[in-house]
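One letter stands for each residue in the lines below.
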Amino acid sequence: MHEVAGLPWGVSLAYLVSGVLFILALRGLSSPVSSRAGNRYGMAGMALAIATTLVTHNAASLPEIGVAILIGGIVGFVIARRIAMTAMPQLVAAFHSLVGLAAVVVGVAAYLNPGAFGILDAGSNEILTHSRIELGLGVAIGAITFSGSVIAFLKLNGSMSGKPILLPARHMINLGTLAAILGLIAWFFVLPAPSAVPWLFWTMLGLSFAIGFLLIIPIGGADMPVVVSMLNSYSGWAAAAMGFTLQNTAMVITGALVGSSGAILSYIMCKAMNRSFLSVIAGGFGAEASSGGGEQIDRAYKRGSAEDAAFLMKQADSIIVVPGYGMAVSQAQHALREMTDLLKQEGVTVKFAIHPVAGRMPGHMNVLLAEAAVPYDDVFELEDINSEFAQTDVAFVIGANDVTNPAAKTDKASPIYGMPILEVYNAKTVLFVKRSMGGAGYAGVDNEVFYMDNTMMLLADAKKIVEDIVKALGH
Amino acid sequence: MDFIAILSIFVLACFVGYYVVWQVTPALHTPLMAVTNAISSVIIVGALIATAESSSAIAKYLGLAGIVLASVNIFGGFAVTERMLAMYKKKDRN
């Protein structure tokens, strides 16, 4: 046979089927109705890929493999059962880091033992030249995914400040490191005998770990939805590159799917913030102190109590709830559901409006509301509900600031200018839940909505005030 | 399989991914990330090969480490996706 890996056709076919099952897994997510079936397809695809590999390779180490899968499986399963839904962004970041590290581990194993992976050139006893590029890229992207995700995890988990950390000359350092990595991969490719210069591969790997770290530390907390999506994408490209090395269609298809999925999510997130991908990656957003914040401190605003809010909402015909990161932080979603249930019993129409970048990852708010058993057909995306605020009696904003800030439309100097916003100010009354009047959102921009005549500020912890409103509604 | 054949699969799969992912409803973007996470752990195939075909102890332990890492992700990713998807309910079923 002239093939390098020389897989029998049945094996290739099995990997292809598992790739198709992965496509169906994503296809299922087009609607909550078909989503669970989709997830089953995904599991079936994975089981098929693993079984195919085990059947076609040396079975001697099967017991050890079984133990390794069991250990990893139990750890993963227990984490998945126990994790709080509010901690989902950190969990996803942690999982990304594992994919990255696994790609590195596989790449290093292939580098040390190319014969086992069918990438050894029999003539020169060196790794095949095209495999060197795939291997180099796979290991580099895997390492970037790993260290970048670790930083993203620490920031999302609050173990590290969400504030951007700005090194001097960071753009030069980052570009230099990136160029060095690409240069080393190119050198690895053209060298007649790379096994004679082992430091080359290891330096490339070390630099890749470093660049992942350097790339994410200057990026602030509110840009995390983009970062998490981007790392999602990287983990896919790493898997695809390793798939090229192993000539494995399941890996190549999956890598392409995951890579494009993460890229699309990054695009959606960037668009929802009206920022370019490059400006997010360059980092530093939210690091500057708010400009001209001084004169707004003494502006008059109306402050209300839980009883006032309960009264207003009871009288209303329609309410739109706008949740944001603040709701997640104080875990207010269950109390919020209780509140909206009581209001529905009073005959009030309640809808939820979600901005694409509310929270710390794509779809974060939707999951929290689903956890609190808010039916998904009560939850609407920005473009579907924005026109309804004008006909709505009360907009109940809970822990969302920047996504409701009209400065995005009116103030060209504002850092959030151009970002699509939820037009809560069009509602007859705005109830704005916020911890305190200080600290105006992540972007450090004051919000005109606070000072409008039809706005009532509810200054308290989100969960506390919603619970108080529930009590007040009960009377 | 030659390089062009596998590249063709890759490029076409990128297009499939593009169209399929745009169809995903925004409400399910978090489960999308969790499930893509789980399936990208198909990299476990590489770790299995490394372990099964290892000629040296170090390659074997690397492979086993890769299997553990990827398994955490596979089981964790699918389980957490399942848990999230089970929470999405329609109005009438409450």
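Because the structure is predicted, anything quoted here is derived from the model rather than measured.

A. The arrangement of the overall build of chain A in detail. Of the regular secondary structure elements, chain A holds 17 helices and 8 strands. Across its three principal directions, the C-alpha atoms of chain A cover 80 × 50 × 35 Å. Each of the 475 residues in chain A was classed as buried or not, and the buried ones make up 57%. A fraction of 78% describes how many contacts in chain A between residues 6 or more apart in sequence connect residues 24 or more apart. Split by element, the accessible area of chain A, about 18300 Å² in all, is 63% carbon and sulfur. Side chains of chain A carry 27 positive and 32 negative charges; the gap between the two charge centres is 3 Å.

B. Layout of the environment of Leu 120 of chain A. All names here are of chain A. Note on placement: Leu 120 falls in strand β1 (residues 120–121). When its relative accessible area of 32% is taken as the criterion, Leu 120 is described as partly exposed. Sequence separation between Leu 120 and Ala 110 is 10 residues; the distance between their C-alpha atoms is 9.7 Å. Not counting residues within four places of it along the chain, the set of residues in contact with Leu 120 comprises Pro 114, Gly 115, Asn 125, Glu 126, Ile 127 and Leu 128.

C. View of the interface of chain A and chain B. Across the boundary between the two partners, chain A contributes 103 residues, which contact 77 residues of chain B. Our count for the contact surface shared by chain A and chain B stands at 4 salt bridges. Taking the shortest distance from any N to any O, the salt bridge between Glu 82 of chain B and Arg 40 of chain A comes out at 2.2 Å. At the junction of chain A and chain B, the tally comes to 18 residue pairs in polar contact (both at pLDDT 80 or more). At the level of elements, α1 (9–28), α2 (32–56), α3 (62–82), α4 (88–112), α5 (129–156), α8 (224–246), α9 (249–272) and α14 (364–371) of chain A are the ones that each hand at least two residues to the side of chain A that touches chain B. For the side of chain A that touches chain B, the class distribution of residues is 63 nonpolar, 28 polar and 12 charged.

D. Fine view of the layout of surface pockets. In this structure, the second largest pocket occupies an estimated 400 Å³ of space. Around the second largest pocket sit 22 residues that line it, and Ile 268, Ala 272, Pro 356 and Glu 383 of chain A together with Pro 26 of chain B are the ones nearest its centre. Looking at the lining of the second largest pocket, the elements with two or more residues in it are α9, α14 and α15 (382–385) of chain A together with α1 (3–22) of chain B. Ranked by residue count, the leading element in the lining of the second largest pocket is α9 of chain A, at 5 residues. Within the lining of the second largest pocket, the residues separate by chemical class into 14 nonpolar, 5 polar and 3 charged.

E. The sheet that holds strand β5 (residues 379–381) of chain A, seen in detail. All names here are of chain A. With parallel pairing, 6 strands are arranged side by side in an open sheet as β5-β4-β3-β6-β7-β8. Each of the sheet's edge strands pairs with one partner strand only, and the pair in question is β5 and β8 (455–459). Across the sheet, the axes of successive neighbouring strands diverge by a mean angle of 25°, strand direction being ignored. Judged from the 3 bridges that link them, strand β4 (residues 349–354) and β5 form a sheet pairing that is parallel. Pairing of Ile 354 across the sheet is with Glu 381, part of β5. Set on the sheet, helix α13 (residues 333–345) makes contact with β3 (318–323), β4 and β6 (394–398); between it and β4 the angle comes to about 145°. The strands touched by helix α17 (residues 462–474) within the sheet are β6, β7 (429–434) and β8, with β6 carrying the most contacts at an inclination of about 140°.

F. Broad picture of the pattern of salt bridges. In this structure the tally under the stated criterion is 13 salt bridges over all chains. We note a salt bridge from Glu 64 of chain A to Lys 60 of chain B, for which the minimum N-O separation is 3.1 Å. Of the two residues, Glu 64 of chain A sits in helix α3 while Lys 60 of chain B sits in helix α4 (residues 57–87), which places them in two different chains. Residues Lys 471 of chain A and Asp 468 of chain A are paired through a salt bridge, measuring 3.7 Å at the closest nitrogen-oxygen approach. With Lys 471 of chain A and Asp 468 of chain A both in helix α17, this residue pair falls 3 residues apart, about one helical turn. Judged by its relative accessible area of 57%, Lys 471 of chain A falls in the exposed class. Residue classification places Asp 468 of chain A among the partly exposed residues on the basis of a relative accessible area of 21%. One network of salt bridges, in which partners are shared, links Arg 36 and Arg 40 of chain A together with Glu 82 of chain B.

G. A look at the nonpolar core. Residue and element names in this part refer to chain A. Within the largest apolar cluster, 191 residues are counted, with the highest numbers of intra-cluster contacts made by Phe 117, Met 313, Leu 336, Met 339, Phe 396, Ile 398 and Ile 469. If you tally residues by element for this core, the top one is α4, at 15 residues. Aside from chain neighbours lying at most four places away, what touches Met 339 is Met 313, Phe 396, Val 466, Ile 469, Val 470 and Leu 473.

Calculation criteria
- Per chain, residue numbering runs from 1 following the sequence as it is written.
- Chains and ligands are labelled sequentially in the order written, the chains with letters from A and the ligands with numbers from 1.
- Selection of residues for local features in this predicted model requires a pLDDT of at least 70, selection of side-chain atom pairs for listing and counting requires 80 or more, and totals for whole chains, interfaces and linings are taken over all residues.
- Excluded from the side-chain calculations are hydrogens and water; all other atoms, namely the structure's heavy atoms, are used.
- Each helix is a run of DSSP H or I of at least 4 residues and each strand a run of E of at least 2, with the numbering of both proceeding from the N terminus.
- Three labels apply to residues, based on accessible area from a 1.4 Å probe with only protein chains included: buried if under 20% of the type maximum, exposed if over 50%, partly exposed otherwise in between.
- By definition in these notes, contact holds between two residues if any of their heavy atoms fall within 4.5 Å.
- Accessibility throughout is a Shrake-Rupley quantity obtained with a 1.4 Å probe, and a residue counts as covered only by protein chains that appear here.
- In this charge count, Lys and Arg are treated as positive and Asp and Glu as negative; neither His nor the chain ends contribute.
- A charge is said to be at NZ when it belongs to Lys, at CZ for Arg, at CG for Asp and at CD for Glu.
- By salt bridge we mean one thing: a side-chain nitrogen of Lys or Arg within 4 Å of a carboxyl oxygen of Asp or Glu.
- The definition of a polar contact used here is a pair of N or O atoms within 3.5 Å, where within protein one atom must be able to donate a hydrogen and the other to accept one, and adjacent residues in sequence count solely through side-chain atom pairs.
- When residue character is reported, Ala, Val, Leu, Ile, Met, Phe, Trp, Tyr, Cys and Pro are called nonpolar, Asp, Glu, Lys and Arg charged, and the others, Gly included, polar.
- Cavity means a closed set of points on a 1 Å grid over the protein atoms alone, one where a 1.4 Å probe fits but cannot get out, pocket means an open set with protein on both sides within 12 Å along at least 5 of 7 lines, and lining means a residue has an atom within 4 Å of a point.
- Grid points are joined across faces, edges and corners, and a volume is the space filled by probe spheres set on the points.
- What makes two strands pair is DSSP finding at least two bridges between them.
- Simply put, an axis is a line fit to the C-alpha atoms, just over the touching stretch for a helix, and the angle between two N-to-C directions goes from 0 to 180 degrees.
- To define a nonpolar core, start from buried Ala, Val, Leu, Ile, Met, Phe, Trp, Tyr and Cys residues and group those joined through side-chain atoms within 4.5 Å.

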